[in-house]
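# Notes for the structure review
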Amino acid sequence: DAVKDCKSKGMELALPKNAIENALLLHDMMISFNTHPNANKFSRENWLWLGAHDNNWEGIWQTSKKDEFLTFTNWDRKQPDNKITDADHFPSDTQNVLEFTEDQK
């Protein structure tokens, strides 16, 4: 999973804890999407995973690092939505990860 992969590389998933960190992450993400060598390859996938999940209880978001409840959220309208885009998933499947997208405000 993403947490283990990051940890094996000496990193951890980002998780903004306030509006300032959120703005800084958005700024850094936009620079990366515009300058990273793989930006063209993944141009339709400008998003990144954040360090939170609702695996334990649907709709109750916790940090991936310590399973602490989130104290800061900046959800977009109608989010989170459990969007399912993979034809192999069933309607009862849910999306339990948190992502930050290029169009995030």
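What you see is a predicted model, and the numbers here were worked out from it, not measured in a lab.

## Some remarks on the overall build of the chain
Scanning the chain from terminus to terminus reveals two helices and three strands. Ordered by position in the sequence, the α and β elements of the chain form the string α-α-β-β-β. Counting only contacts in the chain whose residues sit at least 6 apart along the sequence, the fraction spanning at least 24 positions is 58%. Carbon together with sulfur atoms contributes 53% to the accessible area of the chain, which is approximately 8100 Å² in total.

## Looking at a nonpolar patch on the surface
A cluster of nonpolar side chains, contributed by W57, I60 and F69, occupies part of the molecular surface with about 330 Å² of accessible area. Here W57 lies in strand β1 (residues 47-57).

## A few points about the environment of P80
Tracing the chain through its elements places P80 in the loop between β2 (60-63) and β3 (97-101). Taking the relative accessible area as the measure of exposure, P80 reaches 41% and is therefore partly exposed. A sequence separation of 21 residues divides P80 from G59, and the C-alpha atoms of the two residues are 8.1 Å apart. Here P80 is in contact with W61 and W75, once residues within four sequence places are set aside.

## A word on the layout of surface pockets
Size it by volume and the second largest pocket reaches roughly 460 Å³. With three residues, helix α1 (residues 2-8) is the single largest residue contributor to the lining of the second largest pocket. Here the residues of the lining of the second largest pocket are counted per class, giving 10 nonpolar, four polar and six charged.

## Here we look at helix α2 (residues 19-35)
Over its 17 residues, α2 extends 24 Å from the first C-alpha to the last, a length consistent with the 24 Å expected when each residue adds 1.5 Å. Of all the residues in α2, the buried ones are N22, L25, M29 and F33. All buried residues of α2 project into a common sector of 65 degrees when viewed along the axis, lining one side. Those residues of α2 that are exposed and aimed more than 90 degrees away from the buried face are I20, L24, N34 and T35. The N-capping residue of α2, defined by a side-chain oxygen 3.0 Å from the backbone nitrogen of I20, is N18.

## Here's the deal with the pattern of salt bridges
Where charged atoms from two side chains of opposite charge come close, those side chains can pair. What the rule picks out here adds up to two salt bridges. A salt bridge links K9 to D5; its shortest N-O distance comes to 3.2 Å. Residue K9 is classed as exposed on the basis of its relative accessible area, which comes to 53%. The exposure class of D5 is partly exposed, given its relative accessible area of 38%.

Conventions used here
- Residues numbered from 1 in each chain as written.
- Predicted model: local features only at pLDDT ≥ 70, side-chain atom pairs only at ≥ 80, totals over all residues.
- Heavy atoms only, no water.
- Helix = DSSP H or I, 4+ residues; strand = E, 2+ residues; numbered from the N terminus.
- Contact = heavy atoms within 4.5 Å.
- Areas by Shrake-Rupley, 256 points an atom, 1.4 Å probe, with all protein chains shown as cover.
- Patch = residues over 30% accessible without salt bridge, like charges linked within 9 Å, V, L, I, M, F, W, Y side chains within 5 Å.
- Salt bridge = Lys/Arg side-chain N within 4 Å of Asp/Glu carboxyl O.
- Buried < 20%, exposed > 50% of the residue type's maximum accessible area, 1.4 Å probe, protein only.
- 1 Å grid on protein atoms, 1.4 Å probe; cavity = no way out; pocket = protein on both sides within 12 Å on 5 of 7 lines; lining within 4 Å.
- Points joined across faces, edges and corners; volume = space filled by probe spheres on them.
- Nonpolar A, V, L, I, M, F, W, Y, C, P; charged D, E, K, R; others polar.
- Expected span 1.5 Å × (residues − 1).
- Arc of directions from axis to C-beta.
- Polar contact = N/O pair within 3.5 Å; in protein donor to acceptor, adjacent residues only side chain to side chain.

Read these as spatial facts, not as claims about activity.
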